[in-house]
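Close look at the chain arrangement
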Amino acid sequence: MKKVNFYQTRLQGEIHVPGDKSISHRAVMLGSIANGTTTVEHFLPGEDCLSTISCFEKMGVEIQRNGEQVTVWGNGFKGLVEPKEILDVGNSGTTTRLLLGILAGIPFHSCMIGDSSIAKRPMKRVTNPLRDMGAKIDGREDGQFTPLSIRGGNLKGITYQSPVASAQVKSSILLAGLNGNRSTTVTEPHQSRDHTERMLQAFGVSIEVKGTSVTVKGGQELTSTSIYVPGDISSAAFFLVAGAIVPDSEIVLKNVGINPTRTGIIDVLQQMGATIRIENEREENFEPFADLYIQTSELHGIEVGGELIPRLIDEIPIIALLATQAEGTTIIKDASELKVKETNRIDTVVNELTKLGAKIEATDDGMIIYGKSKLHGAEVSSHGDHRIGMMLAIASFVSEGELQIEDTEAIAVSYPSFFEHIESLSK
Ligand code: S3P
């Protein structure tokens, strides 16, 4: 239980948010299946990415980490050895689903387990197409849930139309496709984040992108490289929102990834009327990044849905808080994927914000928020979900009285230095 009371504290100054979670996972994974030594700068030392490192170490890959610097000595797919221990993915959906794609192509047996949240998350969205490619996968409820076991090898390429816009599904199939006997194509209903596609190219793999379809030819080898991981826009989002809603605030977030498949939060802030600037745009290993400037703004409610949803899916908890401080109604729709995140984020966001006095209703595929609300302190919980924990801590800046937040430890999954950054910006 953490007690916080940030009411009437302003936020001013500059921070470097930690490395992007999606890119950090992929750097270790692709480094582990590449030939040669890959170095990773500004790696996110969050629990999820550490789970990825530990899984590859159990398959014989030598990985050295020194804070935010990681070196991976890869020996190609053939360098992975059958693990003697169960691969523990912790709380990480990305580790589970992308690793399944890699393991699908390798002729050995392995078992995978995660925490109680992972045990509830649907896996058939990847185990079904990977089975179609030829992988032998078993698991609870016929491969829908962990624990899972997999014996890979002898994959055929497939053409797959994914029913969901999910980077984890797309990436899993593309990684399996690298070991297919022909090309593999994945098409999704809307474009999801494309970090796998960009990073595969940085590792020398050729891919073809047409609209929302991506094709990879089987039999390609990866060549090691150096990866710089930009700051995570999903972590920056908590301070972008705080900067916009906390009176007298002005924040600069340095070196934040602005890959267009991730910048839905910037679009939402702009549409709601926030003053936000993107400065010093640069690019490394196919990923753009920039400094983001935000200041306290008058906001109004908007509608968020359609193809914007995959571009801000992880930001919806903090967007809900943002909407409580905007004049008028905000409608979030087409977001039923929220139900299968670390928690059912429609329920956890609505329940926890209601305890603080927000006027918010759950719908079948999102939520409706009626602003602007005065919030107040209460006993709330992250429910073990890092992004719910961070949203509640930011809510304290606009809530009169103390918040007692249960299970803030979960925040270490993606942002171990979160409370230090709050402290350094608080004036
Ligand atoms: C991720 C993809 C998204 C996102 C998750 C990270 C990734 O999940 O919510 O936090 O790294 O590929 P889905 O692919 O399930 O939408």
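Note that this is a predicted model, so its numbers are computed, not measured. (Residues numbered from 1 in each chain as written. Predicted model: local features only at pLDDT ≥ 70, side-chain atom pairs only at ≥ 80, totals over all residues. Heavy atoms only, no water.)

Overview of the nonpolar core
What counts, and what does not: For our purposes a nonpolar core is just a set of buried Ala, Val, Leu, Ile, Met, Phe, Trp, Tyr and Cys residues, chained together by side-chain atoms within 4.5 Å. Relative accessibility under 20% of the residue-type maximum defines a buried residue, over 50% an exposed one, and the middle range a partly exposed one, all with a 1.4 Å probe and only protein chains included. Secondary structure counts use DSSP, requiring at least four H or I residues in a row for a helix and at least two E residues in a row for a strand, with both numbered from the N terminus. Only heavy atoms matter for contacts: two residues are in contact if any of them lie within 4.5 Å across the pair.
Core analysis: the biggest nonpolar cluster contains 76 residues, and Phe-239, Leu-253, Leu-321, Met-367, Ile-394 and Phe-418 have the highest contact counts within it. Per element, the largest residue contribution to this core is ten residues, and it comes from helix H8 (residues 233-245). Residue contacts for Ile-394: discarding those within four places in its chain leaves Phe-238, Phe-239, Ala-242, Ile-318, Leu-321, Phe-418 and Ile-422.

A short note on the pattern of salt bridges
We count it as follows: The term salt bridge refers to a side-chain nitrogen of Lys or Arg lying within 4 Å of a carboxyl oxygen of Asp or Glu.
Per the stated rule, a full pass over the model turns up 23 salt bridges. As a salt-bridge pair, Lys-21 and Asp-48 come within 3.5 Å of each other at their nearest N and O atoms. Taken together, the positions of Lys-21 in helix H1 (residues 21-33) and Asp-48 in helix H2 (residues 47-57) put the pair 27 residues apart, joining distant regions of the chain. Classification of Asp-48 as buried rests on a relative accessible area of 2%. Arg-311 is the salt-bridge partner of Asp-267, the closest N and O atoms lying 3.0 Å from each other. With a gap of 44 residues between them, Asp-267 in helix H9 (residues 264-272) and Arg-311 in the loop between strand E19 (303-304) and helix H10 (316-324) connect regions that are remote in the sequence. Given the relative accessible area of 23%, Asp-267 is considered partly exposed. What you see here is one network of salt bridges that share partners, running through Arg-121, Arg-193, Asp-314, Glu-342, Arg-345, Asp-385 and Arg-387.

Describing the packing of aromatic side chains
What counts here: Put simply, two rings from Phe, Tyr or Trp (the six-membered ring, in Trp's case) pair if the centres are within 6.5 Å, and we call them stacked under 30 degrees between planes, edge-to-face over 60, tilted for the rest.
Enumeration over the complete set of coordinates arrives at seven aromatic pairs. Ring centres 6.3 Å apart and planes at 75° place the aromatic pair Phe-238 and Phe-418 in the edge-to-face group. Of this pair, Phe-238 sits in helix H8 while Phe-418 is found in helix H13 (residues 418-425), placing the two residues 180 residues apart along the sequence. Across the pair, Phe-418 and Phe-238 agree in class, each one buried. With a centroid separation of 5.4 Å and 65° between ring planes, the pair formed by Tyr-415 and Phe-418 is classed as edge-to-face.

Points about the layout of surface pockets
Stated formally: Here the term cavity refers to a set of points on a 1 Å grid, laid over the protein atoms alone, in which a 1.4 Å probe fits but cannot get out; the term pocket refers to an open set having protein on both sides within 12 Å along at least five of seven lines, with lining residues being those that place an atom within 4 Å of a point. Grid points are joined across faces, edges and corners, and a volume is the space filled by probe spheres set on the points. Amino acids are sorted into nonpolar (Ala, Val, Leu, Ile, Met, Phe, Trp, Tyr, Cys and Pro), charged (Asp, Glu, Lys and Arg) and polar (every other residue, Gly among them).
A volume near 560 Å³ is recorded for the largest pocket. Ala-165, Ser-166, Ile-313, Glu-337 and Lys-341 are the residues nearest the centre of the largest pocket, which is lined by 33 residues in total. Every element with two or more residues in the lining of the largest pocket is listed here: H1, helix H3 (93-104), helix H6 (167-177) and helix H12 (386-395). Counted by class, the lining of the largest pocket contains nine nonpolar, ten polar and 14 charged residues. Here the second largest pocket defines a volume of roughly 430 Å³. Here the residues of the lining of the second largest pocket sort into nine nonpolar, six polar and seven charged.

By themselves, these are just geometric observations and shouldn't be taken as functional.
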